[in-house]
Amino acid sequence: LFLSFIASLMLLSLKMLITERVHAEWKMTFVAFSAWLVLVFGIFTYSSNFTLSFLFWILSAVLLSQTGKKIQVWEFSKNPRFALLTAFLFVLVNVGLLTVMFVSVSRYASELTFANAVQADSNGEGIDSVLTELETATRLNKLSDIFARNLAHARLLKVGEQLQNEAVNPADLASLVEGSFTEAERAVALSPNNVVNYSLLGDIFRELAPLA
């Protein structure tokens, strides 16, 4: 589809350059087409980035506006139903964009927090620091089985640490055990085809069976 889009736009632009008689329109098309052609060549020869992709699609839009001769005009004053529909769609699209932005920010924050947890573990920080970061990451993104699985494993490690303390509160220990079970089962529910989630759940049963 992408190659078809490039080929069709190239043919339309060349046709415009050959047949256009208005010099100002021809120059506009020629300038946009020259830059667009360089970007098309770069797509297949150079590692693209956001800036190049943005320029490619902007210039594609410019070329399409130059090659498209059919113009449709709507006057809201003459068509109030169309005006109402347009306003409704505008609000709907904006609400959708805001929702997507909110979800994206939340997902990014969860990934950042999870990276902090990995870094804390690599630096040899205590299990409490890792648990705090993992719990935050899981709260920000409840749809990731990776976060749930790692949180379950971290809580299991915390249980092992607590068992070394003779003065441990049984209620706190039970809460950690239940939390580990809950997150492991949630990871299985989120990704039932991932064998790693089942393996972790089995490990938790095996480690905690003697404690029970």
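Residues numbered from 1 in each chain as written. Predicted model: local features only at pLDDT ≥ 70, side-chain atom pairs only at ≥ 80, totals over all residues. Heavy atoms only, no water.

Chemist: Mind laying out the layout of surface pockets, listing which residues take part and the relevant values?
Modeler: What the largest pocket holds in volume is close to 200 Å³. Asp121, Val130, Leu134, Asn150 and Ala154 are the residues nearest the centre of the largest pocket, which is lined by 13 residues in total. For the lining of the largest pocket, the secondary structure elements donating two or more residues are helix 4 (80–122), helix 5 (127–140) and helix 6 (145–163). The biggest single contributor to the lining of the largest pocket is helix 4, with five residues. For the lining of the largest pocket, the per-class residue count stands at eight nonpolar, three polar and two charged. (1 Å grid on protein atoms, 1.4 Å probe; cavity = no way out; pocket = protein on both sides within 12 Å on 5 of 7 lines; lining within 4 Å. Points joined across faces, edges and corners; volume = space filled by probe spheres on them. Helix = DSSP H or I, 4+ residues; strand = E, 2+ residues; numbered from the N terminus. Nonpolar A, V, L, I, M, F, W, Y, C, P; charged D, E, K, R; others polar.)

Chemist: Give me the environment of Phe147: which residues, what numbers.
Modeler: Relative to the elements of secondary structure, Phe147 occurs in helix 6. Among the residues examined, Phe147 registers a relative accessible area of 2% and is labelled buried. Taking the C-alpha atoms as reference, Phe147 lies 14 Å from Leu201; in sequence the two are 54 residues apart. Discounting chain neighbours no more than four positions away, the residues touching Phe147 are Ser110, Glu111, Phe114, Ala137, Thr138 and Asn141. (Buried < 20%, exposed > 50% of the residue type's maximum accessible area, 1.4 Å probe, protein only. Contact = heavy atoms within 4.5 Å.)

Chemist: So, the packing of aromatic side chains: which residues are in play, and what are the values?
Modeler: Enumeration according to the criterion identifies 10 aromatic pairs in this entry. Both rings, one in Phe2 and one in Phe56, keep their centres 5.7 Å apart while their planes meet at 55°; by these two values the pair is tilted. One end of the pair, Phe2, is in helix 1 (residues 2–19); the other, Phe56, is in helix 3 (residues 50–67), and 54 residues separate them in sequence. Residue Phe2 is classed as partly exposed on the basis of its relative accessible area, which comes to 32%. Plain terms: the ring middles of Phe33 and Trp36 are 6.0 Å apart, the flat faces sit at 25° to each other, and that makes the pair stacked. Here Trp36 and Phe33 lie together in helix 2 (residues 23–45), a separation of three residues that amounts to about one turn. Taken together, the ring pairs connect Phe2, Phe5, Phe33, Trp36, Phe56 and Trp57 into an aromatic cluster. (Phe/Tyr/Trp six-rings, centres within 6.5 Å; stacked < 30°, edge-to-face > 60°.)

Chemist: Describe the environment of Arg186, naming the residues involved and giving the relevant values.
Modeler: Residue position: Arg186 is located in helix 7 (residues 170–190). Residues Arg186 and Ala152, 34 residues apart in the sequence, show an inter-C-alpha distance of 9.4 Å.

Chemist: Quick rundown of the nonpolar core? Include the residues and the values.
Modeler: By size, the foremost hydrophobic cluster in this structure holds 12 residues: Ala152, Leu156, Val159, Leu173, Leu176, Val177, Ala184, Val188, Leu200, Leu201, Ile204 and Leu208. Looking at this core, the elements with two or more residues in it are helix 6, helix 7 and helix 8 (195–208). No other element matches helix 7, which puts five residues into this core. Apart from the residues within four sequence positions on either side, Leu208 is in contact with Leu156, Val159, Val177 and Phe181. (Core = buried A, V, L, I, M, F, W, Y, C linked by side-chain atoms within 4.5 Å.)

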